[in-house]
Amino acid sequence: AYGQASDWYVTGSVVYNDLDDERKLDEAVNGLQLAVGWDFNDWLTFEGKLIYSDVDGYYRDPPGPYVYGNDTQLDLSANALAFYNRDAVLAPYAVLGIGYQDANLNFGGKESNPTFSAGVGIRWQFGNSPFSLRSEANFRRTMDGGERNFEDVTVSLGVEYRFGGKARDLGVQPRRLVRQRRA
């Protein structure tokens, strides 16, 4: 039965950002991600994701020169994850999402733009444990409503924890302990 407490999970990850060259920002592991998801059925999961990144690079407040500094970005997104076999030890999946990016720019400006993302991931289940290792690669397009559209790639690696103790079925039956009577 889906919709039980065991169908919910939380994932914490580190994020590598490979940002659009037009942004003139450094590519590095400079973000943290928190995701909360719910298994809708055997193959579909809905997930909310928050990514915070502190990105170094060159910024320009036109018409001034480029200045080296940092930029903080906050990404919020709603995603759908489609699994081929969720119960496999290594479970690959595809991701589609829509979201919103808020960036505080080095020169004091601020940008808030809608995003679209698509990607792939894999989850490695640790036996019957509620923990698993999860990695994901996403293409993200940030649209500012004008002629600028940024195309970024994010890669994350983190640990997922499932609530409620629902364990993967390994096909092994537990042994029953039976007391034997002494004669």
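Residues numbered from 1 in each chain as written. Predicted model: local features only at pLDDT ≥ 70, side-chain atom pairs only at ≥ 80, totals over all residues. Heavy atoms only, no water.

*Asks:* I would appreciate a short explanation of the nonpolar core in the present structure.
*Replies:* Soluble globular proteins: nonpolar side chains tend toward being buried together. In this structure, Tyr-9, Leu-81, Phe-83, Ala-91, Tyr-93 and Val-95 together form the largest nonpolar core, which totals 6 residues. Those elements that place two or more of their residues in this core are strand E4 (66-83) and strand E5 (90-104). At 3 residues, the largest contribution of residues to this core is made by E5. (Core = buried A, V, L, I, M, F, W, Y, C linked by side-chain atoms within 4.5 Å. Buried < 20%, exposed > 50% of the residue type's maximum accessible area, 1.4 Å probe, protein only. Helix = DSSP H or I, 4+ residues; strand = E, 2+ residues; numbered from the N terminus.)

*Asks:* Before we go on, may I ask you to explain the pairing of strand E6 (residues 110-125) in this structure?
*Replies:* Regular strands have side chains that alternate between both faces of the sheet. Direction of pairing for E5 relative to E6: antiparallel, over a ladder of 15 bridges. Paired with Asn-104 across the bridge in E6 is Lys-110. Here E6 hands over to strand E7 (residues 131-143) after 5 residues, with Gly-127 in that stretch at a positive phi of 55°. (Pairing = 2+ DSSP bridges.)

*Asks:* Whenever I open this one, the pattern of salt bridges confuses me. Can you help?
*Replies:* Two side chains with opposite charge may pair up if their charged atoms get near one another. Following the criterion strictly, the structure yields 12 salt bridges and no others. Two residues, Glu-136 and Lys-49, come together in a salt bridge whose shortest N-O distance is 2.6 Å. In this pair, Glu-136 is assigned in strand E7 and Lys-49 in strand E3 (residues 44-60), connecting sequence segments 87 residues apart. When its relative accessible area of 2% is taken as the criterion, Glu-136 is described as buried. Glu-136 is the salt-bridge partner of Arg-134, the closest N and O atoms lying 3.1 Å from each other. Like Glu-136, Arg-134 is buried. Via salt bridges that share partners, Asp-39, Glu-47, Lys-49, Arg-86, Arg-123, Arg-134, Glu-136, Glu-160 and Arg-162 belong to a single interconnected network. (Salt bridge = Lys/Arg side-chain N within 4 Å of Asp/Glu carboxyl O.)

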